[in-house]
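# Survey of secondary and tertiary structure
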Amino acid sequence: MKLISSGIEKVRAFDLPAGIRANGESVRTPRAALVKWADKTNQGDMFYQVYVNGQYAGTTVDSQQKQMIVPVPSSFESAVQIEVFAVEAEHAHTDLSKELVSPPAMNGRVRISLLRSQKLPSDATAEIYFDNGTGVIDYSQPLSNRSIRIWPAWQDKTGFGMSRFGAGDFGYDSAAAIGFGKGSFGQGQFGLDADAIEWTSPPLMAGVYKFGVKITDGAGNKSSASETEPITVIPAARPAEQVSISSFDKQTNELVLNIA
């Protein structure tokens, strides 16, 4: 891994107000936070990167900088996750979010990945169904009222008739295809099938759910259902509000908080 977490400690985030009103109240939007940290290993000429909810937020200018102001979302349903990592100079300005071990909570949402195979017709759509926690999927009503278009434009699908005549061989000439390097590397087959679509569900209550997918072509013909294994959904806990420090014992390093 290029992200190094060992040695980084005392990560703290301070909410920065956008302004102060005449009555002394602070203006909280747009929101920004001052992030500070310490590095007990003193990792030489390493740079530091900050990630907010799994997204790259910025890189320090050198190894001496150990604080940064980053934008944070106004999240009222779940806590904002801020992480700091050390990186080699060659990766200083590279987004390495795919290496994060613990991705941010989806807050009660489920993400389903569909392989966009070249075998699917150019006018195909996908519909997602679920069991609403009952264990039996109801295929009479999709979870979303809007179908997922497999091919947003005809140029996205390859093959005879999809390219300029004479520009390639008959059959799969690969013209205008998603293909290797533009799709989802590692989640599908090499070549023209290395492309995936991700669908994210609406917020769900805590429970165990099963999802099913059906593909429909332009003539209305539906495929048989492909179903997931049971998926446990646990929404993230709401962040604490009106927290104040009651006492701190420096000898025992014990902090007591009051929550209103």
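Quick note: structure is the one above.
Everything numeric here is computed off the predicted structure, so don't read it as measured data.

## Digging into the overall build of the protein chain
Along the protein chain, the regular secondary structure elements total zero helices and 18 strands. In the protein chain, which comprises 260 residues, the share counted as buried stands at 30%. Within the protein chain, contacts between residues at least 6 apart in sequence are counted, and of these 60% link residues at least 24 apart. Only carbon and sulfur atoms are counted for the fraction: they give 52% of the accessible area of the protein chain, which is about 16,600 Å².

## Observations concerning the pairing of strand 6 (residues 55–59)
Across four bridges, strand 5 (residues 47–52) lies against strand 6 in antiparallel orientation. Bridge assignment links Val 52 to a residue of strand 6, and that residue is Gln 55. Remark: two residues form the turn of the hairpin made by strand 5 and strand 6, two consecutive strands paired antiparallel; Asn 53 in that turn has positive phi of roughly 50°.

## Observations regarding the packing of aromatic side chains
Inspection of the entire model under this criterion finds seven aromatic pairs. Measuring from ring centre to ring centre gives 5.7 Å for Trp 37 and Tyr 48, while their planes differ by 55°; the resulting arrangement is tilted. Of this pair, Trp 37 sits in strand 4 (residues 32–39) while Tyr 48 sits in strand 5, placing them 11 residues apart in sequence. The ring of Tyr 139 is capped by Lys 214, whose NZ or CZ atom sits 4.7 Å from the centre of that ring.

## Concerning the side chain of Gln 49
Here Gln 49 is to be found in strand 5. Note on Gln 49: relative accessible area 0%, which makes it buried. There is a polar contact of 2.8 Å between the side chain of Gln 49 and the backbone oxygen of Ala 92.

## Describing the pattern of salt bridges
Evaluation of the coordinates by the stated rule reveals five salt bridges. Put simply, Glu 99 and Lys 2 hold a salt bridge, and the shortest N to O gap is 3.8 Å. Linking Glu 99 in the loop between strand 8 (82–87) and strand 9 (111–115) with Lys 2 in the segment before strand 1 (8–16), this pair joins segments that are 97 residues apart in sequence. Put simply, Asp 15 and Arg 31 hold a salt bridge, and the shortest N to O gap is 3.1 Å. With Asp 15 in strand 1 and Arg 31 in the loop between strand 3 (26–27) and strand 4, this residue pair connects regions lying 16 residues apart in the sequence.

## Looking at the sheet that holds strand 10 (residues 125–130)
Read from one edge to the other, the open sheet built from four strands follows the order 11-10-14-15, with strand pairing classed as antiparallel. On the outer flanks of this sheet lie strand 11 (148–149) and strand 15 (226–227), each paired with one strand and no other. The pairing of strand 14 (residues 211–216) with strand 15 spans two bridges and is antiparallel. Looking across to strand 15, one finds that Gly 212 is bridged to Glu 227.

## Looking at the side chain of Thr 216
Looking at the secondary structure, you find Thr 216 in strand 14. Within the local environment of Thr 216, its side chain forms a polar contact with the side chain of Lys 222, the two groups lying 3.2 Å apart. Ignoring any residue separated from it by four or fewer positions in sequence, one finds Thr 216 in contact with Asp 123, Ala 124, Thr 125, Glu 127, Asn 221 and Lys 222.

## A word on the environment of Met 205
In this structure, Met 205 sits in the loop between strand 12 (196–200) and strand 13 (207–209). For the pair formed by Met 205 and Gly 108, sequence separation is 97 residues and the distance between their alpha carbons is 6.5 Å. Sequence-distant contacts of Met 205, that is, excluding residues within four places in its chain, are made with Val 233 and Pro 235.

## Let's talk about unusual backbone geometry
Phi at Asn 53 takes a positive value of approximately 50°, unusual for a residue other than glycine. Here Asn 53 lies in the loop between strand 5 and strand 6. Residue class for Asn 53 comes out partly exposed when judged on its relative accessible area of 27%. One non-glycine residue with positive phi stands out, namely Asn 132, at about 55°. As for its position among the elements, Asn 132 is in the loop between strand 10 and strand 11.

## With respect to the pairing of strand 7 (residues 67–71)
Residues Met 68 and Val 70 of strand 7 are buried on one face, while the alternating residues Gln 67, Ile 69 and Pro 71, pointing to the opposite face, are not. Bridging between strand 4 and strand 7 involves five bridges; their strand directions are antiparallel. Bridge assignment links Leu 34 to a residue of strand 7, and that residue is Ile 69.

What counts, and where the lines are drawn
- Residues numbered from 1 in each chain as written.
- Predicted model: local features only at pLDDT ≥ 70, side-chain atom pairs only at ≥ 80, totals over all residues.
- Heavy atoms only, no water.
- Helix = DSSP H or I, 4+ residues; strand = E, 2+ residues; numbered from the N terminus.
- Buried < 20%, exposed > 50% of the residue type's maximum accessible area, 1.4 Å probe, protein only.
- Contact = heavy atoms within 4.5 Å.
- Areas by Shrake-Rupley, 256 points an atom, 1.4 Å probe, with all protein chains shown as cover.
- Pairing = 2+ DSSP bridges.
- Phe/Tyr/Trp six-rings, centres within 6.5 Å; stacked < 30°, edge-to-face > 60°.
- Lys NZ or Arg CZ within 6 Å of the ring centre and 35° of its normal.
- Polar contact = N/O pair within 3.5 Å; in protein donor to acceptor, adjacent residues only side chain to side chain.
- Salt bridge = Lys/Arg side-chain N within 4 Å of Asp/Glu carboxyl O.

By themselves, these figures tell us nothing about what the structure is for.
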